[in-house]
Amino acid sequence: MTCSIHDSRPLSEKDDDLRALDAIQAVLEDNIADYALENPENLYDEDQREILRKLEFSKGTRSFCLVISPDGHWRLMNQKFPRLLLMEIHNALIAD
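Calculation rules
- For every chain, the first residue of the written sequence is number 1, and numbering continues from 1 onward in sequence order.
- It should be noted that, the model being predicted, local features are given only for residues of pLDDT at least 70 and side-chain atom pairs only at 80 or more, the latter also being counted only at that level, while totals for whole chains, interfaces and linings use all residues.
- Hydrogens are left out, water is left out, and the side-chain values use all remaining heavy atoms of the structure.
- The rule for pairing is simple: two strands pair if DSSP sees at least two bridges between them.
- To qualify as a helix, a DSSP run of H or I must reach at least 4 residues; to qualify as a strand, a run of E must reach at least 2; elements of each kind are numbered from the N terminus.
- Axis lines are fitted through C-alpha atoms, for helices just across the contact stretch, and the angle between N-to-C directions can take any value from 0 to 180 degrees.
- Two residues form a contact once any of their heavy atoms are found within 4.5 Å.
- By definition, a salt bridge exists where a carboxyl oxygen of Asp or Glu is found within 4 Å of a side-chain nitrogen of Lys or Arg.
- Each residue is assigned to one of three classes by its accessible area relative to the maximum for its type, calculated with a 1.4 Å probe on protein chains only: buried under 20%, partly exposed between the two thresholds, exposed over 50%.

### Observations concerning the sheet that holds strand β2 (residues 50–59)
Two modes of strand pairing occur in sheets, parallel and antiparallel, and in both the strands are linked by backbone hydrogen bonds.
Okay, step 1: Here we have four strands laid out as an open sheet, ordered β1-β2-β3-β4, and antiparallel in their pairing. Sheet topology places β1 (36–45) and β4 (74–77) at the edges, where each strand pairs with a single neighbour. Along the sheet, successive strands turn relative to each other by an average axial angle of 20°, direction set aside.
Okay, step 2: Two elements, β2 and strand β3 (residues 62–68), share seven bridges in a ladder whose sense is antiparallel. Note on β3: the bridge partner recorded for F57 is F64.
Okay, step 3: Sitting on the sheet, helix α1 (residues 11–31) is in contact with β1, β2 and β3, with an inclination near 20° to β2.

Okay, here's the thing in structure tokens:
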């Protein structure tokens with residue numbers, strides 16, 4: 001996966017990706033109570049030609065990153081991402 005800020009796709013395609021990612025982020029913010037969702041960052045995957053969102057979940061002094069695609073697929077995460085948090089994210093996305 002090669003990430004870049006150089007997205008040459010039409011604006012409508014970019015907007016579609018961003019709307020989907022915003023909706024996913026809103027669902028997670030509404031449904032994940034044990035962790036704070038901080039520092040969301042957009043990335044561009046040149047290979048798949050889509051915008052991804054890096055989400056950082058923090059609790060106390062620990063933080064865990066998840067990179068998600070507009071269709072809800074998890075692309076990348078910390079090696080020690082908490083299983084219970086993964087289940088919460090999965091359930092939140094499936095329920096909505």
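This is not the end of the story, as more comes after the structure.
### Notes on the pattern of salt bridges
Okay, step 1: Per the stated rule, a full pass over the model turns up five salt bridges.
Okay, step 2: D16 is the partner of R19 in a salt bridge, and the nearest nitrogen-oxygen pair spans 2.7 Å. With R19 and D16 both in helix α1 and three residues apart, the pair spans about one turn of that helix.
Okay, step 3: For R19, a relative accessible area of 52% corresponds to the exposed category.
Okay, step 4: The shortest N-O distance in the salt bridge between E41 and K54 comes to 3.4 Å. In this pair, E41 is assigned in strand β1 and K54 in strand β2, connecting sequence segments 13 residues apart.
Okay, step 5: Judged by its relative accessible area of 37%, E41 is partly exposed.
Okay, step 6: A network of salt bridges, in which partner residues are shared, links D45, E50 and R75.

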